[in-house]
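Structural features, examined
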Amino acid sequence: MCDARLKDGSRVNVVIPPVAIYGPCLTIRKFGREVLTPERIVSTGGSSEAILEYLDAAVKTRLNIIVSGGTGSGKTTLLNVLSGFIPPSERIVTCEDAAELRLRQVHVISLESKPANVEGRGQITIRDLVRNALRMRPDRIIVGEVRGGEALDMLQAMNTGHDGSMSTVHANNPRDVINRLETLVLLAGTELPSRAIRGQIASAINVIVQTERLRGGARKIVGVAEVFGLKEGEIGLNELFAFRQVAVTPDGRAVGYHTATGTLSTFQDHFKANGADLPESMFEPAKQPAAEGLY
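**Notes on the nonpolar core**
Among the nonpolar cores identified, the biggest contains 35 residues, and Tyr-54, Leu-55, Ile-65, Leu-82 and Phe-241 are the most heavily contacted of them. If one sorts the elements of this core by residue count, helix α2 (residues 49-60) sits on top with 7 residues. Among residues more than four places away in sequence, those in contact with Leu-82 are Leu-55, Val-59, Ile-65, Val-67 and Met-166. Listed in part, the 34 residues of the second largest apolar core include Val-130, Ile-141, Val-185 and Ile-208.

**Structural notes on the sheet that holds strand β1 (residues 2-5)**
Taken in spatial order, the 3 strands make up an open sheet running β1-β2-β3, and their pairing is antiparallel. Edge positions in the open sheet fall to β1 and β3 (25-29), since each of these has one partner strand only. In this sheet, neighbouring strand axes are inclined to one another by 15° on average, regardless of whether the strands run parallel or antiparallel. The pairing of β1 with strand β2 (residues 11-15) spans 4 bridges and is antiparallel. Residue pairing across strands places Cys-2 opposite Val-14, the latter belonging to β2.

**A word on the side chain of His-162**
You can see His-162 is positioned in the loop between α5 (150-158) and β8 (166-170). Here the side chain of His-162 touches Ala-157 through a polar contact of 3.2 Å, landing on its backbone oxygen.

**Concerning the environment of Thr-183**
Mapped onto the fold, Thr-183 is located in helix α6 (residues 174-186). When the C-alpha atoms of Thr-183 and Met-136 are compared, they prove to be 28 Å apart, with 47 residues separating the residues in sequence.

**Focus on the packing of α5 against helix α7 (residues 194-204)**
At a minimum axis distance of 9 Å, the contact between α5 and α7 shows a crossing angle of 50°. Classified by the angle their axes make, α5 and α7 are oblique. Of the two elements, α5 crosses α7, and the hand of that crossing is left-handed. The segment α5 lies against α7, with Leu-155, Gln-156 and Met-158 engaging Gln-200, Ile-201 and Ala-204. The residue makeup of the contact of α5 with α7, split by class, is 4 nonpolar, 2 polar and no charged.

**Some thoughts on the packing of α6 against α7**
Geometrically, a packed helix pair is captured by the angle between its two axes and the distance between the axes. The geometry of α6 relative to α7 is characterised by a closest axis approach of 10 Å and an angle of 120° between their N-to-C directions. Handedness of the crossing formed by α6 with α7: right-handed. Together, Ile-178, Leu-181, Glu-182, Val-185 and Leu-186 of α6 and Ser-194, Ile-197, Arg-198 and Ile-201 of α7 make up the contact between the two elements. Across the contact of α6 with α7, the residue classes break down as 6 nonpolar, 1 polar and 2 charged.

**Some points on the state of the cysteines**
In total, this model carries 0 disulfides according to the counting rule given. Left unpaired, Cys-2 is separated from the closest cysteine sulfur, that of Cys-25, by 13 Å.

**A short note on the packing of aromatic side chains**
For the structure shown, the criterion picks out 5 aromatic pairs. Taking 6.4 Å as the distance between ring centres and 80° as the angle between the ring planes, the aromatic pair formed by Tyr-54 and Phe-283 counts as edge-to-face. Taken together, the residues Tyr-54 in helix α2 and Phe-283 in the segment after α8 (268-273) connect sequence positions 229 residues apart. On the accessibility criterion, Phe-283 (1% relative accessible area) is buried. A connected cluster of aromatic rings, assembled from ring pairs, spans Tyr-54, Phe-241, Phe-271 and Phe-283.

**Quick look at the sheet that holds strand β7 (residues 140-143)**
One open sheet accounts for 9 strands, arranged β6-β5-β7-β8-β4-β9-β10-β11-β12; its pairing is mixed. This sheet does not close on itself; its edge strands, each paired only once, are β6 (108-112) and β12 (254-260). On average, each strand axis in the sheet is inclined to that of its neighbour by 25°, with strand direction left out of account. Bridge count for strand β4 (residues 65-69) against β8 is 5 bridges, and the pairing is parallel. Bridged to Ile-66 within β8 is Ser-167.

**Brief notes about a nonpolar patch on the surface**
A surface patch of nonpolar side chains, amounting to about 270 Å² of accessible area, comprises Leu-6, Leu-26 and Ile-28. Looking at the element boundaries, Leu-26 is found in strand β3. Accessibility expressed as a relative area gives 55% for Leu-26, which makes it exposed.

**Examining the pairing of strand β5 (residues 92-96)**
Taking burial as the measure, the 5 residues of β5 include 5 buried ones, the bulk of the element. Here β5 shows a buried face lined by Ile-92, Thr-94 and Glu-96 and a second buried face lined by Val-93 and Cys-95. In this sheet, β6 lies alongside β5 in parallel orientation, the contact comprising 5 bridges. The partner of Glu-96 across the bridge, within β6, is Glu-112. Looking at chain direction, β5 and β7 are connected through 4 bridges and run parallel. Each bridged residue has a counterpart across the sheet, and for Cys-95 the counterpart in β7 is Val-143.

What counts, and at which threshold
The residue numbering used here restarts from 1 in each chain and proceeds along that chain's sequence as written. Thresholds applied to this predicted model are a pLDDT of at least 70 for local features of residues and 80 or more for the giving and counting of side-chain atom pairs; totals over whole chains, interfaces and linings are not thresholded and use all residues. To get the side-chain values, all heavy atoms of the structure are used, and hydrogens and water are removed first. Only buried residues count toward a nonpolar core. Its members are Ala, Val, Leu, Ile, Met, Phe, Trp, Tyr and Cys residues joined through side-chain atoms within 4.5 Å. Only protein chains enter the accessibility calculation, which uses a 1.4 Å probe; a residue is then buried when its area is under 20% of its type maximum, exposed when over 50%, and partly exposed in between. Here a strand is any run of E in DSSP of at least two residues, a helix any run of H or I of at least four, and the numbering for each starts at the N terminus. Two residues qualify as a contact provided that any one of their heavy atoms is within 4.5 Å of a heavy atom in the partner residue. We call two strands paired when DSSP finds no fewer than two bridges between them. Angles shown run from 0 to 180 degrees and are taken between the N-to-C directions of axes, each axis being a line fitted to C-alpha atoms and, for helices, limited to the stretch in contact. In the analysis that follows, any N or O atom pair within 3.5 Å is treated as a polar contact, provided that within protein one partner can donate a hydrogen and the other can accept it, and provided that, for residues neighboring in sequence, both atoms belong to side chains. Orientation labels follow simple angle bins: below 35 degrees gives roughly parallel, above 145 gives roughly antiparallel, 65 to 115 gives roughly perpendicular, and whatever is left gives oblique. Helix crossings fall into two classes, left-handed where the near helix is turned counterclockwise from the far one by less than a right angle and right-handed where it is turned clockwise. Under the scheme applied here, ten amino acids are nonpolar (Ala, Val, Leu, Ile, Met, Phe, Trp, Tyr, Cys and Pro), four are charged (Asp, Glu, Lys and Arg), and all others, including Gly, are polar. Our working definition of a disulfide is a cysteine sulfur pair at a distance within 2.5 Å. Stacked, tilted and edge-to-face pairs are distinguished by plane angle, under 30 degrees for stacked and over 60 for edge-to-face with tilted covering the rest, among Phe, Tyr and Trp rings (Trp via its six-membered ring) whose centres lie within 6.5 Å. To count toward a patch, a residue needs a relative accessible area above 30% and no salt bridge. Like charges then connect within 9 Å, nonpolar side chains (Val, Leu, Ile, Met, Phe, Trp, Tyr) within 5 Å. Residue-level accessible areas treat just the shown protein chains as cover; the underlying method is Shrake-Rupley with a 1.4 Å probe. Any carboxyl oxygen of Asp or Glu that lies within 4 Å of a side-chain nitrogen of Lys or Arg is treated as forming a salt bridge with it.

Here you go:
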């Protein structure tokens, strides 16, 4: 088995026998040359203007954000878009397994993990990169994906002055994100009790954005939820926006509409204090549009 990256950023995976039973298999994941913009996401139905306006405010006022979703749901693509909201004056350090992020700011340091050699030596893990990033005086840390013990280091960084950091994680919904992060922290070898881990998560993570690849291949933001603290051992979630799927077209494409849930953001005071006053009207639920208004 071999993982590699081409010069244009495409990811390569190769397997040969005996792992590949019926012969060698080469897989290349290519990325679009055009940088996806917020306007393009809205025009293609991947999000609503209200959701991106909220996420713009969340990034600029330095809330910590987790982008969640399944494989191929557009997590890294959305992370690229969100990173575009970061002011150009800030120092950003990215930590990735394979360098996929294309940040447009001037002061960006990109770190990439390194697999072990044939002798099993020289491995540099994401956790090593996150720990090293903390020594580089970053304003924000962006972890391409947390999948192991680096979750603990990331949470501690978010809790110790690196506000506005972002990462992605594999999970099916915001509640699963909490459970998965708790499991990943345990992989760090810590013996912290469950309540202490949940306390770390509740104080570190502010916003969870859920992405999904729907029937027909469309990738959309299907939910935005806020984390608002620990109560009776459970982390509270405040769902702000959702995608309501209402039908499937004859060609097998899922269609629906984005809407607010009617719940106000728990960070309204935070937004106002930091110059991002969001109107309460953007959190009012939308009526289901006619068939021609679905996407």
